[in-house]
Amino acid sequence: MNLSGDPIAPLARALGVAADHIIVIHDELDLPANKIRLKQGGNENGHNGLKSLALALGSAAFPRVRVGIGRPPGRMDPADYVLKDFSSTERKELPFLVDDAADAVELVAGERRERDDGGPVLAQSVDLDEALGDLVALGDVGDQHLAGAERRQVMGVGHDPHRAAGDPPADG
């Protein structure tokens, strides 16, 4: 992952794809675990994979789906933390997190299409739950996200982003 720019940049050049059309999904230490945020461009914040990609593409303007993994406990080295195996709880949550990340990619791709058509540009940093919440009323990607949240609630794993902190889970 640290050298992800090596295979992606030649492929992007061969296909004629600009950096700002490549959606990058990456782990983010500076976000709480299982939190997803969308970001357009920016710096790499010490993420070696992003550094490699930005250097190889000649631009850091790519949209990002930042998947929170939280900070390492105690004095654990961040490099060791990002490479450690998932806990059993994390393995249970992973399919739902992947679903949410896929929803985020669809949202970013839709924003990209609107931008290409002269519409709005993805905000500098967007909270996925807020962005998808806005789409629920439109019957778009948000419905899939809510299904993921409901599955988490039924299975008793993870957080329900549509429930206030401290509220008990809804009876299913």
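Predicted model, so just to flag it, every value in this text is computed and none were measured. (Residues numbered from 1 in each chain as written. Predicted model: local features only at pLDDT ≥ 70, side-chain atom pairs only at ≥ 80, totals over all residues. Heavy atoms only, no water.)

Turning to the overall build of the protein chain, a few remarks are in order. The secondary structure content of the protein chain amounts to six helices and four strands. What you see in the protein chain, going N to C, is helices and strands ordered as α-β-β-α-β-α-α-β-α-α. Considering only contacts in the protein chain between residues 6 or more positions apart, those separated by 24 or more positions represent 69%. Surface summary for the protein chain: the accessible area is close to 10,000 Å², and the carbon and sulfur share equals 56%. (Helix = DSSP H or I, 4+ residues; strand = E, 2+ residues; numbered from the N terminus. Contact = heavy atoms within 4.5 Å. Areas by Shrake-Rupley, 256 points an atom, 1.4 Å probe, with all protein chains shown as cover.)

Glancing now at the pattern of salt bridges. Taken as a whole, this structure holds three salt bridges when the rule is applied. As a salt-bridge pair, E28 and R66 come within 3.3 Å of each other at their nearest N and O atoms. A residue pair is termed long-range when its members are at least 10 positions apart, and E28 in strand β1 (residues 24–28) and R66 in strand β3 (residues 63–68) qualify at 38 residues. (Salt bridge = Lys/Arg side-chain N within 4 Å of Asp/Glu carboxyl O.)

The subject of this paragraph is the nonpolar core. A9, A12, A19, I22, V24, L50, L53, A54, L57, A60 and F62 together form the largest nonpolar core, which totals 11 residues. With four residues, the single largest contributor to this core is helix α2 (residues 48–57). I36, V65, V67 and A104 belong to the second largest nonpolar core, which has nine residues in total. (Core = buried A, V, L, I, M, F, W, Y, C linked by side-chain atoms within 4.5 Å. Buried < 20%, exposed > 50% of the residue type's maximum accessible area, 1.4 Å probe, protein only.)

Relative to the assigned elements, P32 resides in the loop between β1 and β2 (36–40). Between the alpha carbons of P32 and I69 there is a distance of 5.9 Å; along the sequence they are 37 residues apart. If we skip the residues at most four places from it in the chain, P32 touches G68, I69 and G70.

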